[in-house]
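Here's the letter readout for the chains.
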Amino acid sequence: MNVSRIIRRGNLTICICDNAAAAAAVVADHACNAILDDPKAKLGLATGGTPVPVYEMLLERQSKGLADFRNATTFNLDEYVGLSPEHPQSFAAYMRDNFFTPAELNPDRTHLPPGIADDIEAAARDYEDLIERHSGIDWQLLGIGNNGHIAFNEPGSLPNSRTRVVNLTQDTVNANSRFFEADEEVPRRAVTMGIGTILRARAITLLAVGPNKAGAVAAALERKPSLECPASWLQQHADVTFVLDDAAAGGLCR
Ligand code: PGA
């Protein structure tokens, strides 16, 4: 049994799990259900430390014949400005290593926002158009930043924002610095799907684990939606599930 408690608040479901592995397994179930519903589903994917075990579980399930992601189309949430897809710390490299290559996805159907372009603002708008032309995302995976960001929509991002170039806050730069050898290598800008882009996905699953996320999770779920906590706008979505371990759920009034 992976879920120790389920709380339903309108369209919002909160699954609280005993530990991080159990929470990742619930999210892996959601991804597998999306691909079972439609083998050609359009999946919105996330990077960062939190989803690594989810991708491991998806690969394991595919290797056992329990799921098949090879016909999926994917759209990632964000990419650092200035990093080419070949850069080892780019999100493109993360996705290739953790999921796309071992899951044998067709590279023509795996999409990330551009990190490098002659006109990066225009390239960001093109990414939004590409998602539109595919009639939107069926299932979106999200993490949450310590500051409540979703993708790289930092506090102050508008709920109707679309894919665009953003400046990263110092909090986020600090959190990302663990992936880089020197602080000055950590990118200060990114291209991110907007909050409005994310809210257009048909179903959303947000995964948060560990005590560092408890404050952001509580702000997202317990307060009225506000610019201060980008994840709080998810309360307005018709089909969203927060999957938490006990530690990340620690700030909720239960
Ligand atoms: P993390 O990042 O999974 O590495 O904690 C989450 C996020 O910033 O959205």
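So, a few notes on the structure that sits alongside this text. (Residues numbered from 1 in each chain as written. Predicted model: local features only at pLDDT ≥ 70, side-chain atom pairs only at ≥ 80, totals over all residues. Heavy atoms only, no water.)

1. Overview of the sheet that holds strand E5 (residues 78-80)
Point 1. What the 3 strands build is an open sheet, ordered E5-E9-E8; its pairing is antiparallel. Sheet topology places E5 and strand E8 (164-167) at the edges, where each strand pairs with a single neighbour. Neighbour-to-neighbour, the strand axes of the sheet open up by a mean angle of 30 degrees, direction not taken into account.
Point 2. The pairing of E5 with strand E9 (residues 189-192) spans 3 bridges and is antiparallel. What sits directly across from Asp78, in E9, is Thr192.
Point 3. With respect to the sheet, helix H4 (residues 120-133) is in contact with E8 and E9, its orientation differing from that of E8 by roughly 120 degrees. (Pairing = 2+ DSSP bridges. Helix = DSSP H or I, 4+ residues; strand = E, 2+ residues; numbered from the N terminus. Axes fitted to C-alpha atoms, helices over the stretch in contact; angles between N-to-C directions. Contact = heavy atoms within 4.5 Å.)

2. A look at the pairing of strand E2 (residues 12-17)
Point 1. A large share of E2 lies buried, amounting to 6 of its 6 residues.
Point 2. Both strand E1 (residues 3-9) and E2 contribute to a ladder of 6 bridges, which runs antiparallel. Looking at the pairing, Val3 lines up with Cys17 of E2.
Point 3. Taking the residues between adjacent antiparallel strands as the criterion, E1 and E2 are bridged by 2 residues, where Gly10 takes a positive phi near 60 degrees.
Point 4. Bridge count between E2 and strand E11 (residues 240-245): 6 bridges; the pairing is parallel. By the bridge assignment, Leu12 is partnered in E11 with Val240. (Buried < 20%, exposed > 50% of the residue type's maximum accessible area, 1.4 Å probe, protein only.)

3. Concerning the pattern of salt bridges
Point 1. For the structure shown, the criterion picks out 8 salt bridges.
Point 2. Notably, a salt bridge pairs Glu222 with Arg9, separated by 3.6 Å at the nearest N-O pair. Here Arg9 lies in strand E1 and Glu222 lies in helix H7 (residues 214-222), a separation of 213 residues in the sequence.
Point 3. The partner of Glu128 in a salt bridge is Arg162, and the shortest N-O contact between them spans 3.0 Å. Taken together, the residues span a long stretch of sequence, with Glu128 in helix H4 and Arg162 in the loop between strand E7 (139-142) and E8 at a distance of 34 residues.
Point 4. Among the charged side chains, a network of salt bridges with common partners joins Asp68, Arg70 and Glu104. (Salt bridge = Lys/Arg side-chain N within 4 Å of Asp/Glu carboxyl O.)

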